[in-house]
Amino acid sequence: MNRRKLTLVLFFLLIPLIVTGGALLFREKYYAWISLCVAVLTCLPIWYDFERRETGSAELMVLSVMTSLSVAGRFLFAWLPGFKPVTAITVITAMWLGAEPGFIVGSLSALLSNFYFGQGPWTPFQMFSWGLIGGVAGLIAKPLRRHKVLLCLYGVFAGVFFSLIMDLWSTFWMGDGFSIPRYLALAAAALPTTIEYAVSNVIFLLALAGPIGDKLERIRTRYGLFREQPM
Amino acid sequence: MELLSVENVTFRYPKASTDALHDVSLSVSEGQWAVLCGLSGCGKSTLLRLIKREIAPYGEASGRIFLRDSAVRGEADAPMLSDRESAECIGIVLQDPESQIVTDTVWHELAFGLENLGLPSDRIRRRVAEIAAFFGMEEWYRKKTYELSGGQKQLLNLASALVMNPRLLLLDEPTAQLDPIAAADFRNVLRRIRSELGVTILMAEHRLEDVLPDADRIFLMDGGRILAGGDAAALTTFFTNNPHPMAQALPAATRVFLALSGGSVFIGGTDSAGDTARINTAAGTSAAFGSTVPLTVSDGRQMLRTLAEHGTASASAGATSAEATATEKESASAEGSAADGPGPKSAAETAGKPALEVSGVRFRYDRLLPDVLSGASLTLHAGEHYCLLGGNGSGKTTLLALAAGILSPYAGSVRLSGKKLSSFAPGTLYRGNLALLPQQPRDVFTEKSIREDLTAAFLRTAPDKASAEADMLALCERLRIAGILDSHPYDVSGGELQKAALAKVLASRPKVLLLDEPTKGIDVRGKDELADILDGLLADGAAILSVTHDAEWAAAHADRCGLLFDGEVISEDAPGGFFDGNAFYTTAANRMARGILPGILTVDDIVRALAEVAP
Amino acid sequence: MTIFHNRHPLVLLALLLCVLLPVMFAQSPMLTAPALLGAVLFLAALGIRSRSVSLRSIFGYALLWFLVTAINPLFSTGGATPLLFISGRPYTKEALLYGAHLGALLIAVLLWFRCERTLVPEENRFFLFGRLAPKLALLISTVLRFVPLLRRRAVQVRAAQTAVGVYDDPDWLHRTKSQMTTMSALTTWSLEHAIDTGAAMKARGYGLSGRTTYRTCRFGTADAAILSIILALTAVTVLTLARGGLHFDWYPYITATTPDRLAVCGTIAYAVLCLIPFLSFLKEEIRWSFYRSKM
């Protein structure tokens, strides 16, 4: 319940506050700054909540393993550029372990995989996007587990969402202020990548949701982990 | 003063039909080194985990466990051991070196437990510095944990347990996954811990060769009960009166002693008869070396010398008859005893093209790195079991990967029945030709149950589902794993899992079977079972190449042995010639009998030779 | 080689933020130039010292700069001086120059992230994290252990799967499928591994109340001194920015406010800040050659 309150406070109070405050302080020129703050500030309450709560050692290690899998998976499929299992692993984690684990795995995967693949100003946006993709998947975990079609749609949505957020950042970064035509032009230019993200997400989700889900289910029941997450 | 006492502990896993531990009582005094021995599944790990409350298994438990005056478990008048005390006072090191490491750096790993106890930074620094100095780990203190070797990882686990200042150290087969050199290093550190720090040690182990000389007390477990407890002499006496498979895990010298002192041992577990041979010696024999039980190779040599002088007119007479006995056996070891006769299997030699021919392969992992293999060659014939031995990092596993076509050499070639591996069409090499059992049998499994995995594997070669099922069941019956088919691959014991993995790689009916460290972590009974299975395959005409550290196993079961050193296979010979020619890299029985009895490879050989000698 | 090896990570974080944030959001060449210069000098010095200047990465950055410069006018038509017209849209001088500046800025930021890699020893990277969020820091530490482990395991599992014929077909569809099988086997192994590691953590007291974090770094007087210098220099820069001293308009015409004394001070302060890594490198070099000559 606490987490939900925090999320509500975050979305309906804090973010608008920063956006308007930032706009007043820095004028339109500082969109990039504001977006950066929003990306970082979205992660903070969820991380804070995770930090404060007690997590059993085995549960902590399961989160660690899922994060590591999505980072190592980037290496495993490195021969296919753009083909990354990060989204899929994040979504699968969220589907079986819950929204918060999903967010943690998503955001940490972004932060840590960039240590191997290159850190940059885009890191906070990747953390934000992958974290959110995981968090939302956790909220609709039940239908996602039940309907394959829905899962595929979510994979497409996640790919498009991720790509659009990145384009948004590029627009802010490039431009003197925000202009819709420029954003659309960038998004159009990034269309092949967007399609690749969406397709690879669907492939990964279809191939891995079953097997990895079974394994997460097994350790949940066998070792009694992540009990507080609704099934 | 007793440090640990276990009183009438009974434990049953959920849904199990029998007790994993039944009315177990034992005690260990302060400063002692106690060993819990028994075959896998006898309950020794369960007992250790019950003592270490944090990682106790779920299930029904009764009975009481005390650490000095505090109760670890069970309702008692005594005060309970607090969680903090349990973390501090009882340290544990488990079998797998890898999975016990938590953090990414050595220094953080050492500090981890102390952080959990809530010590301030300056005290952590001091404790960590002390322990690093004690273990001599200054050189790798700043390293990443994943850069360490397996032996270093296990030492780090030991150091991380010890940094908490425990009074009791629990060890669950800590050297099972290590190579012999690393295992010896680990035991040396344990000896220092015991003698210099006075820490009490309780160790579960199924290989007694190396720990028996150090142990103050040994408890023999079987089926969740303690059968016997006492020092090495008491245990030997117990085995004298009660035959038990664990007697085979005793040091070579002790086994010889046991055989001679009128007891019974299982010898030649793989002999055609397969039953136990009982050797009774003259009453005078045991008097010859008194009542001290020999535990080491030097003890054993002493015993053999006395025996040779006492029991017979001359040692040479014994030697001749020993040779005579040996030649009666069909085993390849007999040929080896004829001083320098390199005698590979003659039958195999004549049989056409070799099943597998590795010729002059060179390999390196990177252009800039040195060669791992620099012109290694070996040939393997149908119906032959070839054991490749070699030190750690000598490239044994690499050679196996080359032979399996997983890696390719940059020079030289690998041929299967005369055909180059690279010229096999895709999808044919691993069907009916070649199979590899990896060091970690878990790696071959991907499904939820062993049955699903095996069925899928058999479907690749079988015409239809029904025949695949039938083939699979037949093989599983033969390997005696039909009972575990519906289990998850991670829920069965190491030996069972290995057999299941073997079933999976055999599904393609390979002519050449490659085995990577097949006896690692397997107990004596498992080793015998494995040897039986392999013998069956050999009889069917398969060729087997195993890579192993286990000289005893190779001596008992190989047709030919080779040593991989400096990137090449050197000194290839039948086990008899191979081990007799080596001074260090050989079996304990051979080292024991060197210069006293000739042509000795195994304990059975000594016993047979002596039986002839005895009046 | 890490010049700042003995500095407290807080100092390094402060330096990085104080260099990056102003240059990223001010969009003024007066800041971009020194930022680029500072990073290039430091990285070049390091490259020459270790004799490993990568021509490929220099070429890569040049290409990036060229692309951003050339492409920006295609997206942005803001300028007032058209150079040519592409399908009716003006390709302006201002947009081209803005693109050139943007490219330089992008490269400066990327290079500073690269500097961070060499400035901060890896083990100190998450030190600040450890103080603020010990649990996340522990999680990160375990992930950094797992990733190399998993990559190695992936090779082993792949070998094992190959030998049972999983990778038989060479076509890419089959290869992808086999890779998924490896991934699945890897998951089983790592989840069981996680359970074992969890047990090992518990055995060593994880979960007891009052966990502390072992601090390997101490904030010394030298750290305090450098941090105050960094903050003071930044204060000057920020003051200049707030007063609009470094204001730079790109569209429709490029106009810059004539630099007053404050603007000059601000630029100099920022330039000194950017040169700190390079200067400390020089200091170290001089100190060592002096030290060696005495031996």
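All of these numbers come straight from a predicted model, not from anything done at the bench.

About the thresholds
Residues numbered from 1 in each chain as written. Chains lettered and ligands numbered in written order. Predicted model: local features only at pLDDT ≥ 70, side-chain atom pairs only at ≥ 80, totals over all residues. Helix = DSSP H or I, 4+ residues; strand = E, 2+ residues; numbered from the N terminus. Buried ≥ 20, exposed ≤ 12 C-beta atoms within 10 Å, placed from the backbone. Contact = placed C-beta atoms within 7 Å. Nonpolar A, V, L, I, M, F, W, Y, C, P; charged D, E, K, R; others polar. Pairing = 2+ DSSP bridges. Axes fitted to C-alpha atoms, helices over the stretch in contact; angles between N-to-C directions. Core = buried A, V, L, I, M, F, W, Y, C linked by C-beta atoms within 7 Å. Expected span 1.5 Å × (residues − 1). Arc of directions from axis to C-beta. Domains from an automatic or database assignment. Parallel < 35°, antiparallel > 145°, perpendicular 65-115°, else oblique. Left-handed = near helix turned anticlockwise from the far one by under 90°. pLDDT = per-residue confidence, 0-100.

### A closer look at the overall build of chain B
Inference 1: Each helix and strand in chain B was counted, giving 22 helices and 20 strands.
Inference 2: Buried residues in chain B amount to 52% of all 615 residues.
Inference 3: Taking as baseline every contact in chain B between residues at least 6 positions apart, the subset at least 24 positions apart corresponds to 68%.

### What about the overall build of chain A?
Inference 1: Along the backbone of chain A there are 10 helices and zero strands.
Inference 2: If you list the helices and strands of chain A from N to C, you get α-α-α-α-α-α-α-α-α-α.
Inference 3: Across the 231 residues that make up chain A, the buried fraction comes to 47%.
Inference 4: Long-range pairs, those at least 24 residues apart, make up 70% of the contacts in chain A between residues at least 6 apart in sequence.

### Section: the interface of chain C and chain A
Inference 1: On the chain A side, the residues contacting the 40 residues of chain C number 41 residues.
Inference 2: Put simply, the parts of the chain that give the side of chain C that touches chain A at least two residues each are α1 (9-26), α3 (55-75), α4 (93-119), α6 (134-163) and α7 (172-203) of chain C.
Inference 3: If one sorts the elements of the side of chain C that touches chain A by residue count, α7(C) sits on top with 15 residues.
Inference 4: Tallied by class, residues from the side of chain C that touches chain A come to 26 nonpolar, 11 polar and three charged.

### Some points on the sheet that holds strand β5 (residues 70-73) of chain B
Residues and elements named next belong to chain B.
Inference 1: Strand order in the open sheet formed by four strands is β2-β1-β4-β5, with antiparallel pairing between adjacent strands. A strand with exactly one partner marks an edge of an open sheet, and here the two such strands are β2 (21-29) and β5. Averaged over all pairs of adjacent strands, the angle between their axes in this sheet comes to 10 degrees, without regard to strand direction.
Inference 2: Along the sheet, helix α1 (residues 44-51) contacts β1 (2-12), β2, β4 (60-67) and β5; its crossing angle with β1, the most-contacted strand, is approximately 120 degrees.

### Thoughts on the nonpolar core
Inference 1: Among the nonpolar cores identified, the biggest contains 284 residues, and V62(A), V91(A), V256(B), A403(B), L514(B) and I606(B) are the most heavily contacted of them.
Inference 2: The greatest single-element share of this core, amounting to 16 residues, is contributed by α6(C).
Inference 3: Counting residues in hydrophobic clusters, the runner-up holds 41 residues, among them W112(C), L233(C), I276(C) and F281(C).

### Remarks on the packing of helix α2 (residues 31-52) of chain A against helix α8 (residues 148-174) of chain A
Two measures define how a pair of helices packs: the angle their axes make with one another and the distance between the axes.
Residue and element names in this part refer to chain A.
Inference 1: The N-to-C vectors of α2 and α8 enclose an angle of 145 degrees; their axes lie 8 Å apart at closest approach. Contacts between α2 and α8 involve Y31, A32 and S35 on the former and, on the latter, L168, W169, F172 and W173.
Inference 2: Considering only residue class, the contact of α2 with α8 consists of six nonpolar, one polar and no charged.

### Observations concerning the sheet that holds strand β7 (residues 168-172) of chain B
Strand pairing within a sheet occurs via backbone hydrogen bonds; the two strands may be parallel or antiparallel.
All names here are of chain B.
Inference 1: A sheet is described by the order of its strands in space; here six strands give the open sequence β6-β7-β8-β3-β9-β10, paired in mixed fashion. Looking at which strands have only one partner, the edges of the open sheet turn out to be β6 (90-93) and β10 (225-230). The sheet shows a mean angle of 15 degrees between the axes of neighbouring strands, taken without regard to direction.

### Things to note about helix α16 (residues 465-479) of chain B
Residue and element names in this part refer to chain B.
Inference 1: For α16, built from 15 residues, the straight-helix expectation of 21 Å at 1.5 Å per residue is met to within 8% by its first-to-last C-alpha distance of 21 Å.
Inference 2: Listed as buried for α16 are A468, M472, C476 and L479. The arc that holds the buried residues of α16, viewed along the axis, is 60 degrees, so those residues lie on one side. Away from its buried face by more than 90 degrees, α16 exposes A466, A474 and E477.
Inference 3: Lining the buried residues of α16 we find α15 (450-459), α17 (494-506) and α18 (524-539).

### Considerations on the interface of chain B and chain C
Inference 1: The interface is formed by 53 residues belonging to chain B together with 42 residues belonging to chain C.
Inference 2: Elements with a minimum of two residues in the side of chain B that touches chain C: α2 (83-89), α3 (106-117), α4 (121-135), β16 (434-437) and α17 of chain B.
Inference 3: When residues of the side of chain B that touches chain C are assigned to their parent elements, the largest contribution, seven residues, is made by α3(B).
Inference 4: Residues belonging to the side of chain B that touches chain C are distributed by class as follows: 26 nonpolar, 15 polar and 12 charged.

### Topic: the domain arrangement of chain B
All names here are of chain B.
Inference 1: As assigned here, chain B comprises domain 1 (2-230), domain 2 (240-342 + 606-613) and domain 3 (364-582).
Inference 2: Domain 1 puts 10 residues into the contact, and the matching count from domain 3 is 10 residues.
Inference 3: Here the side of domain 1 that touches domain 3 is composed, by residue class, of five nonpolar, four polar and one charged.

### Some details on the packing of helix α6 (residues 123-139) of chain A against α8(A)
Residues and elements named next belong to chain A.
Inference 1: Running from N to C, α6 and α8 cross one another at 155 degrees; their axes reach a closest spacing of 10 Å. One element, α6, and the other, α8, form an angle in the roughly antiparallel class. In this structure, the crossing between α6 and α8 has a hand that is right-handed. The segment α6 lies against α8, with F125, S129, I133 and A137 engaging Y154, A158, F161, F162, I165, M166 and W169.
Inference 2: Classifying every residue of the contact of α6 with α8 by side-chain character gives 10 nonpolar, one polar and no charged.

### Quick notes on the pairing of strand β19 (residues 560-565) of chain B
Residue and element names in this part refer to chain B.
Inference 1: The buried fraction of β19 amounts to five of the six residues, a majority that puts the element mostly inside the structure.
Inference 2: Direction of pairing for strand β13 (residues 385-389) relative to β19: parallel, over a ladder of four bridges. In the strand pairing of β19, L388 is matched with G562.
Inference 3: Taking the residues that link successive antiparallel strands as the turn, the β19-strand β20 (residues 568-573) hairpin has two residues, and the phi of D566 there is positive, at about 55 degrees.

### Here we look at α6(A)
Helical geometry: 3.6 residues make up each α-helical turn, so side chains three or four residues apart lie on a common side.
Inference 1: For α6(A), built from 17 residues, the straight-helix expectation of 24 Å at 1.5 Å per residue is met to within 8% by its first-to-last C-alpha distance of 24 Å.
Inference 2: Burial analysis of α6(A) places 15 of its 17 residues in the buried class, which makes it a mostly covered element.

### Topic: the confidence of the model for chain B
All names here are of chain B.
Inference 1: In this model, chain B carries an average pLDDT of 82, and 87% of its residues clear a pLDDT of 70 or more.
Inference 2: A low-confidence stretch, residues 313-350 stays under pLDDT 50, and its non-local contacts, those more than four residues away or across chains, total 73 contacts.
Inference 3: Reported confidences for the modelled complex are a pTM of 0.86 and an ipTM of 0.86.

### Overview of the environment of L197(B)
Residue and element names in this part refer to chain B.
Inference 1: Turning to its location among the elements, L197 is positioned in helix α6 (residues 180-197).
Inference 2: Classification of L197 by C-beta neighbours within 10 Å gives partly exposed; the count is 13.
Inference 3: Put simply, L197 and E552 are 355 residues apart on the chain and 34 Å apart in space, counted from C-alpha to C-alpha.

### Observations concerning unusual backbone geometry
Inference 1: Even without being glycine, N8(B) reaches a positive phi, approximately 45 degrees.
Inference 2: Checked against the element boundaries, N8(B) lands in strand β1.

### Comments concerning the confidence of the model for chain A
Inference 1: Summary statistics for chain A give a mean pLDDT of 83 and a share of 84% for residues scoring 70 or more.
Inference 2: For chain A, the element scoring lowest by mean pLDDT is helix α1 (residues 2-26) of chain A, at 63; helix α4 (residues 86-97) of chain A scores highest, at 94.

### A look at the environment of S449(B)
Inference 1: Along the chain, S449(B) falls in the loop between β16 and α15.
Inference 2: Excluding its chain neighbours within four sequence positions, the residues that come into contact with S449(B) are D486(B), S487(B) and H488(B).

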